[in-house]
Amino acid sequence: MRPLSNLIFASRWLQLPLYLGLILAQGVYVYLFWVELVHLIEAAFGNQAAIQTLVASSGYKSEAAVNSLNETVVMLVVLALIDVVMISNLLIMVIVGGYETFVSRLRLENHPDQPEWLSHVNASVLKVKLATAIIGISSIHLLKTFINAANYDEKVLMWQTLIHITFLFSALAIAGADRLMPHPARPPAAGGH
């Protein structure tokens, strides 16, 4: 029975290519972030091609031709950049937290850059953190939609709002279920009574 147990335990390493793939996806997000930021800077200096690229990528539509940046376009582009950062944060949580929880310890205990949340991460904590991150991402998408609401059908606005509310209730349910589950007692802090 021992070789079978070893094989089953070693199978966790099959997740390694998945985490490496997520790191590559993170690289794609970094690239897209910089492309969009460069377009924003070029548009701020009056580059017409950059302005048209931003207008098209943000989904902004106007009766009049957009020949210069306006507040709405800038807001939509900045929200898109924030969205990329939040998705990137989500990826880091999944990569680092998932690897630490399901594959192998990272042994970062005394590393000055160790994320605070990593010291007490487990599958339950990771689920709550991911749900919270998804709500943040959904909030940004919803805000982008409302800023540009004139260009969306009423059904789209309604469904995005309902989906966001569903995410909120799901996160509350996950957090509530986590509170109901028994948690191991934490060891007393060093120097405590």
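Right above here is the structure, for reference.
Figured I'd write up the structure that's included with this text. These numbers come from a predicted model, not from an experiment. (Residues numbered from 1 in each chain as written. Predicted model: local features only at pLDDT ≥ 70, side-chain atom pairs only at ≥ 80, totals over all residues. Heavy atoms only, no water.)

1. Looking at the nonpolar core
- In terms of nonpolar packing, the biggest core is built from 13 residues, with Leu-54, Val-55, Tyr-60 and Val-73 touching the most fellow members.
- Of all the secondary-structure elements, those providing two or more residues to this core are α2 (16–44), α3 (48–58) and α4 (71–103).
- Discounting chain neighbours no more than four positions away, the residues touching Leu-54 are Glu-36, His-39, Leu-40, Ala-43, Leu-69, Val-73 and Val-77.
- Grouped together as the second largest cluster of nonpolar side chains are five residues, Leu-90, Met-93, Ala-133 and Ile-137 included. (Core = buried A, V, L, I, M, F, W, Y, C linked by side-chain atoms within 4.5 Å. Buried < 20%, exposed > 50% of the residue type's maximum accessible area, 1.4 Å probe, protein only. Helix = DSSP H or I, 4+ residues; strand = E, 2+ residues; numbered from the N terminus. Contact = heavy atoms within 4.5 Å.)

2. Here's the deal with a nonpolar patch on the surface
- On the surface, Ile-134, Met-158, Trp-159, Leu-162, Ile-163, Ile-165, Phe-167, Leu-168, Phe-169 and Leu-172 cluster together into a nonpolar patch covering about 940 Å² of accessible area.
- In terms of residue count, helix α6 (residues 154–180) provides more of the nonpolar patch than any other element does, nine residues in total.
- Of note, Trp-159 is situated in helix α6. (Patch = residues over 30% accessible without salt bridge, like charges linked within 9 Å, V, L, I, M, F, W, Y side chains within 5 Å. Areas by Shrake-Rupley, 256 points an atom, 1.4 Å probe, with all protein chains shown as cover. Salt bridge = Lys/Arg side-chain N within 4 Å of Asp/Glu carboxyl O.)

3. Observations concerning the pattern of salt bridges
- Under the counting rule described, the total for this entry stands at one salt bridge.
- Residue Glu-100 pairs with Arg-105 through a salt bridge whose shortest N-O separation is 3.2 Å.
- Residue classification places Glu-100 among the buried positions, given a relative accessible area of 10%.

4. Section: the environment of Ile-8
- As for its placement among the helices and strands, Ile-8 is situated in helix α1 (residues 2–10).
- Using a relative accessible area of 56% as the deciding quantity, one classes Ile-8 as exposed.
- Along the chain, Ile-8 and Trp-159 lie 151 residues apart, while their C-alpha atoms are 43 Å from each other.

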